[in-house]
Amino acid sequence: MREPAAPPPEIGSLLARAEELEYGAEKMELVEEAVRRADELRDLDWSFRTRMELVQTATFSGYPERLMVAFGWVLGTFQRDPERFREHVHSLLWQFKYVLHAAFEFPQIERKRVDELFGQMAAMLAENGYNRRPLHYLRWLTAMNMGRRADVERFMEKWQAEPRDGMADCRACERDSQVGYHGYCENWEKTCEAAAPILDGWQSCAEVPHRTYGKVLRALLALGNPEKAEEYHREGVRRISRNPKFISSATRHIGYLLHLKETQRAAELVEEFLPYALATANLDARYRMFLVTERWLEQTAEAGEAVSIRLPGPLAEFREAEACAAWIRPRREELASQFDTRNGTEYYARGVPAELLY
């Protein structure tokens, strides 16, 4: 196997600086600059390596659109000369999972194209000696996120029937997904049982337990344990703060506060995460944020209170809660229509509101 040359000094310096940073906008800027430098040098090996680093950084910094573009380049380059980049095949397959995780977030990606992506990954898994466990797992998650209930049960059975191998998702992520599944089915006791190994500190990863805290709040309230719900709410908010990757998680916490009629506490999270939602290309996250923000504005108006936070972008011109809600509502409805048309369900029009606004 050909050993890669050390990175040119300017690229190595940028990547070293990026390595010291937490995921976020600053890290993204450094990695994107490293990509530009590699392209300027016409160094194909480092254009490939820096883009793989960009895929990783974009995934965990909340920039799915940049993830998709960078991975498309990487995959195309690999397919043109697979032997040259053979050493990267495991990482490439792992990053393919990031793309399939993100695909449902873009309603403009048709179901046919999503299926094609799954087909491409299935072929690559087989070519490299891996089983279909991660493929069934991702199809299971996609079915849940599209509200396709029959497919949810079918792919869950297929996923659980396959043994773990070197391409299986981490155990913490798989368990966190099971927490989400039981919540999706409104089985509150199983939701909390599935979450216990995570919330007791036995399983964790880069995004778990961050996501898990928000997933158990409704279950805990339904089971009559508001003290534990409040404890997990506070810890969950602490972990996701200032990270646009966790817009969707933030909406669960806002929904919890709205259920308690805690409009002022909800306002703090709206102020923090609504700018991320307006900026992101993740339309699923934007829809969810619009949904809870609209309800927060309605509660604010019903209480006769003024909007007490600085609203971002086009909302900054409004002073009344009702006017802000009137701006959000048609945009939220249009997103729901786009998703449900693509998915062939009414999950965004009916299911997501029922999950977040209980």
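Conventions we followed
- Residues numbered from 1 in each chain as written.
- Predicted model: local features only at pLDDT ≥ 70, side-chain atom pairs only at ≥ 80, totals over all residues.
- Heavy atoms only, no water.
- Salt bridge = Lys/Arg side-chain N within 4 Å of Asp/Glu carboxyl O.
- Helix = DSSP H or I, 4+ residues; strand = E, 2+ residues; numbered from the N terminus.
- Buried < 20%, exposed > 50% of the residue type's maximum accessible area, 1.4 Å probe, protein only.
- Phe/Tyr/Trp six-rings, centres within 6.5 Å; stacked < 30°, edge-to-face > 60°.
- Expected span 1.5 Å × (residues − 1).
- Contact = heavy atoms within 4.5 Å.
- Core = buried A, V, L, I, M, F, W, Y, C linked by side-chain atoms within 4.5 Å.

## Concerning the pattern of salt bridges
Point 1. All told, the structure shown has 33 salt bridges when counted by the stated rule.
Point 2. The residue Glu298 makes a salt bridge to Arg329 at a minimum N-O spacing of 3.5 Å. With Glu298 in helix 16 (residues 283–302) and Arg329 in helix 17 (residues 321–343), this residue pair connects regions lying 31 residues apart in the sequence.
Point 3. Using a relative accessible area of 27% as the deciding quantity, one classes Glu298 as partly exposed.
Point 4. Through salt bridges that share partners, Asp176, Glu207, Arg211, Lys215 and Lys245 make up one connected network.

## Details of the packing of aromatic side chains
Point 1. Scanning the entire structure with this criterion turns up 15 aromatic pairs.
Point 2. Geometrically, the ring pair formed by Trp140 and Trp159 is stacked, given 4.7 Å between the ring centres and 20° between the ring planes. With Trp140 in helix 7 (residues 133–146) and Trp159 in helix 8 (residues 149–161), this pair connects stretches of sequence that are 19 residues apart.
Point 3. On the accessibility criterion, Trp140 (0% relative accessible area) is buried.
Point 4. By relative accessible area, Trp159 is classed as buried at 2%.
Point 5. A centroid spacing of 5.6 Å and a plane angle of 85° characterise the contact between Tyr347 and Tyr348, whose relative ring orientation is edge-to-face.
Point 6. Overall, Tyr347 belongs to the buried group, its relative accessible area being 9%.
Point 7. Taken together, Tyr184, Tyr287, Phe339, Tyr347 and Tyr348 form an aromatic cluster joined through their ring pairs.

## Structural notes on helix 13 (residues 226–240)
Point 1. Under the 1.5 Å per step criterion, the end-to-end length of helix 13 is 21 Å for 15 residues, consistent within 8% with the ideal 21 Å.
Point 2. Among all positions in helix 13, only Ala229, Glu230, Tyr232, His233, Gly236 and Ile240 are buried.
Point 3. As for helix 13, its buried residues are in contact with helix 10 (188–199), helix 11 (210–215), helix 12 (217–222), helix 14 (247–259) and helix 15 (263–279).
Point 4. Where helix 13 terminates, the next one or two residues include Arg242, which has phi positive at roughly 65°.

## Things to note about helix 5 (residues 89–103)
Point 1. Its 15 residues give helix 5 an end-to-end C-alpha distance of 21 Å, which sits within 8% of 21 Å, the value for a rise of 1.5 Å per residue.
Point 2. The element helix 5 is largely enclosed, with a buried count of 11 among its 15 residues.
Point 3. Listed in full, the buried residues belonging to helix 5 are Val89, Leu92, Leu93, Gln95, Phe96, Lys97, Tyr98, Val99, Leu100, Ala102 and Ala103.
Point 4. Where helix 5 is buried, its residues meet helix 3 (44–61), helix 4 (64–80), helix 6 (111–127), helix 7 and helix 17.

## Looking at unusual backbone geometry
Point 1. Between Val208 and Pro209 the backbone carries a cis peptide bond, its omega angle lying at 20°.
Point 2. Locating Pro209 in the fold gives a position in the loop between helix 10 and helix 11.
Point 3. Residue Arg42 is not a glycine yet carries a positive backbone phi of 55°.
Point 4. Locating Arg42 in the fold gives a position in the loop between helix 2 (25–40) and helix 3.
Point 5. On the basis of relative accessibility, which here comes to 79%, the residue Arg42 falls in the exposed class.

## With respect to the nonpolar core
Generally speaking, soluble globular proteins have nonpolar side chains that are buried together.
Point 1. Core analysis: the largest hydrophobic core is formed by 67 residues, its most contacted members being Trp140, Ile254, Met289, Trp296, Leu297, Leu311 and Tyr348.
Point 2. Counting 46 residues, the second-largest nonpolar core is a separate cluster that includes Leu30, Ala34, Phe96 and Met124.

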